[in-house]
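Below, each chain spelled out in residue letters.
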Amino acid sequence: MRDLKIPSQRHPEKAHRPDKAQPKKPDWIRVRAPGGKAYADTRRIMRDNNLTTVCEEAGCPNVGECWSQGHATMMIMGEICTRGCTFCNVATGRPDALDVFEPGRVADAVQKLGLNHVVITSVDRDDLDDGGAEHFAQTIRAIRHRSPDTTIEILTPDFLKCDDSALEMVVQARPDVFNHNLETVPGLYPSVRPGARYFHSLRLLQRVKELDPSIFTKSGIMVGLGEDRSQVQQVMDDMRAADVDFLTIGQYLQPTPKHHHVDRFVTPEEFEAYEKAAWGKGFLMVSATPLTRSSYHAGDDFARLREAREAKLARS
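Residues numbered from 1 in each chain as written. Predicted model: local features only at pLDDT ≥ 70, side-chain atom pairs only at ≥ 80, totals over all residues. Heavy atoms only, no water.

### Here we look at helix α11 (residues 268-280)
(1) Moving on: Here α11 is 13 residues long and its end C-alpha atoms lie 19 Å apart, about the 18 Å a rise of 1.5 Å per residue gives.
(2) Moving on: The complete set of buried residues in α11 reads Glu-270, Phe-271, Tyr-274, Ala-277 and Ala-278. Across the axial projection of α11, the buried residues extend over an arc of 125 degrees, all falling on one side. Exposed positions of α11 whose direction lies more than 90 degrees from the buried face are Glu-269, Glu-272, Lys-276 and Gly-280.
(3) Moving on: Where α11 is buried, its residues meet β8 (216-223), α10 (229-241), β9 (246-251) and β10 (285-288).
(4) Moving on: Residue Gly-282 follows α11 closely and has a positive phi angle near 105 degrees. (Helix = DSSP H or I, 4+ residues; strand = E, 2+ residues; numbered from the N terminus. Expected span 1.5 Å × (residues − 1). Buried < 20%, exposed > 50% of the residue type's maximum accessible area, 1.4 Å probe, protein only. Arc of directions from axis to C-beta. Contact = heavy atoms within 4.5 Å.)

### Some words on the pairing of strand β5 (residues 117-122)
(1) Moving on: Of all the six residues making up β5, six are buried; the element is thus mostly covered by neighbouring parts of the structure.
(2) Moving on: Of the two faces of β5, the one carrying His-117, Val-119 and Thr-121 and the one carrying Val-118, Ile-120 and Ser-122 are both buried.
(3) Moving on: In this sheet, β5 lies alongside strand β2 (residues 74-76) in parallel orientation, the contact comprising three bridges. By the bridge assignment, Ile-76 is partnered in β5 with Ser-122.
(4) Moving on: Pairing geometry for β5 and strand β6 (residues 151-155), over five bridges, is parallel. In the sheet register, Val-118 faces β6, and the bridge partner there is Ile-152.
(5) Moving on: The handedness of the β5 to β6 crossover, carried by helix α6 (residues 133-146), is right-handed. (Pairing = 2+ DSSP bridges. Right-handed = clockwise from strand over helix to strand, strands pointing away.)

### Notes on the pattern of salt bridges
Here the idea is simple: oppositely charged side chains can pair when their charged atoms come close.
(1) Moving on: Using the criterion set out here, one finds 22 salt bridges in the structure.
(2) Moving on: Close ionic contact of Asp-164 with Arg-207 constitutes a salt bridge, the shortest N to O distance being 3.9 Å. Linking Asp-164 in helix α7 (residues 164-172) with Arg-207 in helix α9 (residues 198-211), this pair joins segments that are 43 residues apart in sequence.
(3) Moving on: Overall, Asp-164 belongs to the partly exposed group, its relative accessible area being 47%.
(4) Moving on: Residues Arg-229 and Glu-270 are paired through a salt bridge, measuring 3.4 Å at the closest nitrogen-oxygen approach. You can see Arg-229 sitting in helix α10 and its partner Glu-270 sitting in helix α11, a full 41 residues away along the chain.
(5) Moving on: The exposure class assigned to Glu-270 is buried, which follows from its relative accessible area of 11%.
(6) Moving on: What you see here is one network of salt bridges that share partners, running through Arg-83, Asp-124, Asp-126 and Asp-158. (Salt bridge = Lys/Arg side-chain N within 4 Å of Asp/Glu carboxyl O.)

### So, the packing of α10 against α11
(1) Moving on: Two numbers describe how α10 lies on α11: the axes approach to 11 Å, and their chain directions differ by 30 degrees. Relative to α11, the crossing made by α10 is right-handed. Here Arg-229, Val-232, Gln-233 and Met-236 of α10 lie close against α11, whose contacting residues are Glu-270, Tyr-274, Ala-277 and Ala-278.
(2) Moving on: By residue class, the composition of the contact of α10 with α11 is five nonpolar, one polar and two charged. (Axes fitted to C-alpha atoms, helices over the stretch in contact; angles between N-to-C directions. Left-handed = near helix turned anticlockwise from the far one by under 90°. Nonpolar A, V, L, I, M, F, W, Y, C, P; charged D, E, K, R; others polar.)

### Describing the packing of aromatic side chains
(1) Moving on: Applying the stated criterion across every chain yields a total of three aromatic pairs.
(2) Moving on: Seen from their ring centres, Tyr-189 and Tyr-198 are 5.6 Å apart, and the 90 degrees between their planes marks the pair as edge-to-face.
(3) Moving on: The class for Tyr-198 is buried, based on a relative accessible area of 5%.
(4) Moving on: Here the aromatic rings of Phe-216 and Phe-302 are separated by 5.8 Å at their centres, their planes lie at 90 degrees, and the arrangement is edge-to-face. Taken together, the residues span a long stretch of sequence, with Phe-216 in strand β8 and Phe-302 in helix α12 (residues 298-315) at a distance of 86 residues. (Phe/Tyr/Trp six-rings, centres within 6.5 Å; stacked < 30°, edge-to-face > 60°.)

### So, α9
(1) Moving on: The terminal C-alpha atoms of α9 lie 20 Å apart, and with 14 residues this matches the ideal 20 Å at 1.5 Å per residue to within 8%.
(2) Moving on: Listing the buried residues of α9 in full gives Tyr-198, Ser-201, Leu-202, Leu-204, Leu-205, Arg-207, Val-208 and Lys-209.
(3) Moving on: In this fold, the buried residues of α9 make contact with α7, β7 (177-179), α8 (189-192), β8, α10 and α12.

### What about the packing of α6 against α7?
(1) Moving on: Packing of α6 against α7 leaves a shortest axis separation of 8 Å and a crossing angle of 5 degrees. Considered as vectors, α6 and α7 are oriented roughly parallel to each other. For the pair α6 and α7, contact is made by Ala-133, Glu-134, Phe-136, Ala-137 and Ile-140 and by Ala-166, Met-169 and Val-170, respectively.
(2) Moving on: Counted by class, the contact of α6 with α7 contains seven nonpolar, no polar and one charged residues. (Parallel < 35°, antiparallel > 145°, perpendicular 65-115°, else oblique.)

### A few points about the state of the cysteines
(1) Moving on: If you walk through the whole model with that rule in mind, you get zero disulfides.
(2) Moving on: Of all cysteine sulfurs in the structure, the one in Cys-85 sits closest to Cys-88, which takes part in no disulfide; the separation is 6.3 Å. (Disulfide = S-S within 2.5 Å.)

### Focus on the nonpolar core
(1) Moving on: Core analysis: the largest hydrophobic core is formed by 36 residues, its most contacted members being Leu-182, Met-236 and Ile-249.
(2) Moving on: If you list the elements that add at least two residues to this core, you get α8, α9, β8, α10, β9, α11 and β10.
(3) Moving on: When sequence neighbours within four positions are dropped, the list of residues in contact with Leu-182 reads Tyr-189, Arg-193, Tyr-198, Ser-201, Leu-202, Leu-205, Ser-219, Gly-220, Ile-221, Val-235 and Met-239.
(4) Moving on: One finds Met-77, Ile-120, Leu-167 and Ile-215 within the second-largest nonpolar core, a separate group that totals 34 residues. (Core = buried A, V, L, I, M, F, W, Y, C linked by side-chain atoms within 4.5 Å.)

Rendered as structure tokens:
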């Protein structure tokens, strides 16, 4: 029986890789250890509903803060991914069959937590003809049924090996925010995100807007992987050309010595410069800090995103 707590079994595709030193984190990266009653309550609801969270699987540094506020990013379609991205701590391998009852359990947890805004993500499921698109759509519909006032943000795979109808299926379920992360600059894709294609991911975001302009689109990248400022600026321009509304930029943190190394820790001042540049390029919402993650403060950011669109429409 495979034990996903053992790194060599969790990431068999990385087991042969040489260890890469994990540099000491600077003061601006450090966070408090998770704990407290609210944190425990959120954890219990996840366990009672047999749900997986990306907060735990990806080793997010913000788990303590978010769970203490009753916020958790639920990861559907299992805990094993068919891709082997070198930055990611989610287990790699052959996933189990889809659980047809999962959308209902997710909707139940959303209702119990009383969420105003929920983020749903997933592993990559290249083993499925539709990449899990119908499962995403069912989950969105189940949440709408149980919690009609909750806004829904999804963070999806790239549906690289699927027919165009897969994306259409997800868009037709009408999430409020469609997020798909580019993760890094195109020049680093072969070493960081080898199973993906930069321009396919960019086109995916653009097609969402073409299919339903009312859906907010969102994407993010990590820095500290070996990119330079001009490459990050080019990614911003590419996203705006694809009409992406919301940009997130955060510091890459190395999960284990077998993962892609941290090239450097980007300073808070550099993040501020990236944020200023992004606002200047016309994004409706920007979050650029060392601890920024796709779903960090997602509910508050969604409210600001909606206000920014209304203000823009009022000016036009």
